[in-house]
Amino acid sequence: MKENILNNYEQLCSVITDEIIEQIKYKPKSVITIAGGQTPTGVYKMLSERLISEQVDYSKITFVSLDEWVGLDINTNGSCIETLSSHLFNNLNLNEDQIVFFNGVATNLTAECNRIDNIIAKLGGIDFMVLGIGMNGHLGFNEPNIITENSSIVSLAEKTKEVMTKYFDKQIELTHGITLGYKQIMETNKIILMASGAKKSKIIEQTIKSEASYDIPSTILKKHSNCQLLIDKDAKEVEA
Ligand code: PGA
């Protein structure tokens, strides 16, 4: 996993946006996954602005969801679909079939996993993925020591439950997530793992120093042949 440290968050988002735009120009029918969460919000903003201002043809791309909280949909501020919609999808002129997203309120979640797996298979897999990293190293909702293959329902780790309040403007009890699995992540052609800020420095350090193991999901990306770790300076410094 190549590592690159950018001076600040702005530069980090700018470099990632460059790469996404390059990908779309290289392959107009690209299938792209960008994580929900706070880290990529700058990317959502820059990407939507630049796709429009640079008149990039994004009419054939498909955005595929990484994950969603079980029990939530677009009606809850802070859900993954709401975050991506309000900061990215709604700024663009996309057809309905250009957004493939987990429905966190599906009555049959196994069928929902199968639905997403089938669409990804039909699309020929994912071309480009931007991942964030959880405080425990989780990727999507692939929590430590849970080994998934394709889309799965996963119990949230205690650490995730602790930090999740930051996403919501009201208290919500959540126990599970629905997520792409390791196979779908590892079969993606190109991956960027992004992190920003001092609070991520410890898990970034652990990711860099540890061997690939499901104890720290982010380390599994070391087995991917085209994955870059892009972080800002603060995510590199160890907190006092
Ligand atoms: P964050 O989430 O970008 O909101 O820190 C990252 C994650 O939990 O994967």
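This structure is a prediction, so every number in the text was calculated from the model and none was measured.

Asker: Explain helix 7 (residues 201–209) to me, please; I cannot follow it from the model alone.
Answerer: Turn by turn, an α-helix covers 3.6 residues, leaving residues three or four places apart pointing in a common direction. The complete set of buried residues in helix 7 reads Ser201, Ile203, Ile204 and Thr207. Angularly, the buried residues of helix 7 cover 165° about the axis, an arc narrow enough to put them on a single face. Residues of helix 7 that are exposed and point over 90 degrees away from its buried face: Lys202 and Lys209. Looking at the packing, one finds that the buried side of helix 7 touches strand 9 (190–195) and strand 10 (227–232).

Asker: Help me out: how do you make sense of the sheet that holds strand 7 (residues 152–155) in this one?
Answerer: Strands belonging to one sheet form pairs held by backbone hydrogen bonds; the direction of such a pair is parallel or antiparallel. On the basis of which strands lie adjacent, the open sheet formed by three strands has the order 4-8-7 and antiparallel pairing. Edge strands, defined here as strands with exactly one partner in the open sheet, are strand 4 (67–69) and strand 7. On average, each strand axis in the sheet is tilted by 25° relative to the strand beside it, whichever way the strands run. Judged from the four bridges that link them, strand 7 and strand 8 (residues 176–179) form a sheet pairing that is antiparallel. Within strand 8, the residue paired with Ser155 across the bridge is His176.

Asker: Sorry if this is basic, but what is going on with the sheet that holds strand 6 (residues 128–131) here?
Answerer: Pairing within the open sheet is parallel, and its seven strands lie in the order 1-10-9-6-2-3-5. Looking at strand neighbours, the two that pair on one side only are strand 1 (2–6) and strand 5 (99–100), the edges of this open sheet. One ladder, built from two bridges, connects strand 3 (residues 62–64) with strand 5; its direction is parallel. Looking at the pairing, Val64 lines up with Val100 of strand 5. Here helix 1 (residues 9–26) sits on the sheet in contact with strand 1, strand 2 (31–34), strand 6, strand 9 and strand 10, set at roughly 165° to strand 9.

Scoring rules and cut-offs
Residues numbered from 1 in each chain as written. Predicted model: local features only at pLDDT ≥ 70, side-chain atom pairs only at ≥ 80, totals over all residues. Heavy atoms only, no water. Buried < 20%, exposed > 50% of the residue type's maximum accessible area, 1.4 Å probe, protein only. Helix = DSSP H or I, 4+ residues; strand = E, 2+ residues; numbered from the N terminus. Arc of directions from axis to C-beta. Contact = heavy atoms within 4.5 Å. Pairing = 2+ DSSP bridges. Axes fitted to C-alpha atoms, helices over the stretch in contact; angles between N-to-C directions.

Shape is all these values report; function is a separate question.
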